[in-house]
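Fold and geometry: a report
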Amino acid sequence: MYNYHFIIEYDGTGYSGWQKQKKVKTIQDSIEKVLKRILREKINVIGSGRTDRGVHASAQSAHFITKKKIKSLHKFLSSINFFLRDKQISVLEIKKKKISFHSRFDAKMRTYTYLIVNRKSRPILHKDRAWHISKKLNFQSLKKACRLLKGKKDFTTFRSSSCNAKSPIRTINKAKVIKKDDMIKFIFESKSFLQHQVRSMVGCIKYVGEGKWSNKKFKSIIDSKKRSFCAPPAPPEGLYLTRVDY
C-alpha cells in the first residue's frame, strides 16, 4: 500500500462543499472519480478539513492510499489535472508519504482567509469570490474586534447548531485584518475550527465595523457563549482555506 499527499486549489462555487454526499456535486467526489479512472481502483480521498458549500481553497491538503506505486508523480499530476480541467479544481503538487500520514489528524495548524470588497460598486473580478459590502467599514474598529478573538476560548457563540465537535474550546493563534484599497482581508490561524466558526466571527466583526456594535458589546457576546446572540454569518463565497501546516 502507498500513501500520497497532495495540495489542491478549487473554486467552491457550484459545489456542495468538500465532503462526498449523495446526489450532489462535491469536491471530494469529483477528485475520487478521477483517481479511480486513472488508478482503476476505488480511492478514498481524506481532506484536512470539510469546507462548506461555496467555500474555496487555495491550498486544501488531502491524502489517499492506493495499492499501486505511482512511478512518475510528475506525469500523474498532469493526468489528474487533465481530467479535472473543466471542474474548477486543480492539484498543485503531490508527494509520497509514510503510510501512517493522515492529512486531517496530523495537521498542526490551519489558516483561513476571508475577503471583503468594501465599496459602492459591485465587484466583477471577485464575483462569487468575496463578500461585497457597500457600507464603509471602520478599519480601526475591525482591528480591535479581531484582537478580542485571539487566544484560548469557548467559541460556542460562533458554533453552528449542526457542529459535532466534542468541545467548543479552540485556540486562535492569529486573528488579523489587512486593508488594501477597497479589499479587506481577514486571516485566522488555529489548529482546528468549529463548523461555521470563521464565517460567524466575520459576520460579528462586520457589525462592529458598521458601528452597530461596540467592541465592549462584541466581547460580551463572545463571553455569553450563546449562539442566538451571534450576528448572521458571513456568506461562504468570501472564505478560503489557504494553508495547512504539519
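Notes on the structure in this doc start here. (Residues numbered from 1 in each chain as written. Predicted model: local features only at pLDDT ≥ 70, side-chain atom pairs only at ≥ 80, totals over all residues. Heavy atoms only, no water.)

**Side note on the overall build of the chain**
From N to C terminus, the chain includes five helices and 10 strands. For 246 residues, the compact-globule estimate of 2.2 N^0.38 gives 18 Å, and the chain sits close to it at 19 Å. The C-alpha extent of the chain, read off along each of the three principal axes, is 60 × 40 × 30 Å. Counting all 246 residues of the chain, 49% fall into the buried class. (Helix = DSSP H or I, 4+ residues; strand = E, 2+ residues; numbered from the N terminus. Rg over C-alpha atoms; globule rule 2.2 N^0.38 Å. Buried < 20%, exposed > 50% of the residue type's maximum accessible area, 1.4 Å probe, protein only.)

**A closer look at the packing of helix H3 (residues 139-147) against helix H4 (residues 197-210)**
Contact geometry for H3 and H4: axes closest at 8 Å, N-to-C directions at 140°. Relative to H4, the element H3 is oriented oblique. Between H3 and H4 lies a crossing of right-handed hand. Side by side, H3 and H4 meet where Ser 141, Leu 142, Ala 145 and Cys 146 of the first sit next to Ile 205, Val 208 and Gly 209 of the second. Of the residues contributing to the contact of H3 with H4, the split by class is five nonpolar, two polar and no charged. (Axes fitted to C-alpha atoms, helices over the stretch in contact; angles between N-to-C directions. Parallel < 35°, antiparallel > 145°, perpendicular 65-115°, else oblique. Left-handed = near helix turned anticlockwise from the far one by under 90°. Contact = heavy atoms within 4.5 Å. Nonpolar A, V, L, I, M, F, W, Y, C, P; charged D, E, K, R; others polar.)

**Observations concerning the packing of aromatic side chains**
Inspection of every chain in the model, using the stated rule, returns 13 aromatic pairs. When the ring of Tyr 114 is compared with that of Trp 131, the centres are 6.3 Å apart and the planes differ by 85°; the resulting orientation is edge-to-face. Of this pair, Tyr 114 sits in strand E5 (residues 109-118) while Trp 131 sits in strand E6 (residues 131-133); the two residues are 17 residues apart in sequence, bridging distant segments of the chain. Of the two residues examined, Tyr 114 and Trp 131, each falls in the buried class. In this structure an aromatic cluster arises from ring pairing among Phe 155, Phe 158, Tyr 207, Trp 213 and Phe 218. (Phe/Tyr/Trp six-rings, centres within 6.5 Å; stacked < 30°, edge-to-face > 60°.)

**Remarks on the nonpolar core**
A general feature of soluble globular proteins is that nonpolar side chains tend to end up buried together. In terms of nonpolar packing, the biggest core is built from 65 residues, with Phe 6, Phe 64, Leu 149, Phe 186, Phe 188 and Phe 218 touching the most fellow members. Here this core takes seven residues from H4, the largest share from any one element. Excluding its chain neighbours within four sequence positions, the residues that come into contact with Phe 6 are Ile 31, Leu 35, Val 45, Gln 60, Ser 61, Ala 62, His 63, Phe 64, Val 91, Glu 93 and Ile 94. Membership of the second largest hydrophobic core comes to five residues, among which are Leu 115, Val 117, Ala 130 and Met 183. (Core = buried A, V, L, I, M, F, W, Y, C linked by side-chain atoms within 4.5 Å.)

**Quick look at the pattern of salt bridges**
Counted according to the given criterion, the structure contains 12 salt bridges. Among the salt bridges present, the one from Arg 119 reaches Asp 182, with a minimum N-O distance of 3.2 Å. With Arg 119 in the loop between E5 and E6 and Asp 182 in the loop between strand E8 (169-180) and strand E9 (183-190), the pair connects residues that are 63 residues apart, well separated along the chain. Taking relative accessible area as the criterion, Arg 119 reaches 29% and is therefore assigned partly exposed. A residue is classified by how much of its surface remains accessible, and Asp 182, at 26% relative accessible area, is partly exposed. Close ionic contact of Lys 174 with Glu 189 constitutes a salt bridge, the shortest N to O distance being 3.7 Å. Separated by 15 residues along the polypeptide, Lys 174 in strand E8 and Glu 189 in strand E9 bring together distant segments of the chain. A relative accessible area of 29% means that Lys 174 is categorised as partly exposed. Residues joined by salt bridges that share partners form a network here, namely Lys 206, Glu 210 and Lys 212. (Salt bridge = Lys/Arg side-chain N within 4 Å of Asp/Glu carboxyl O.)

Shape descriptors only; they carry no functional weight alone.
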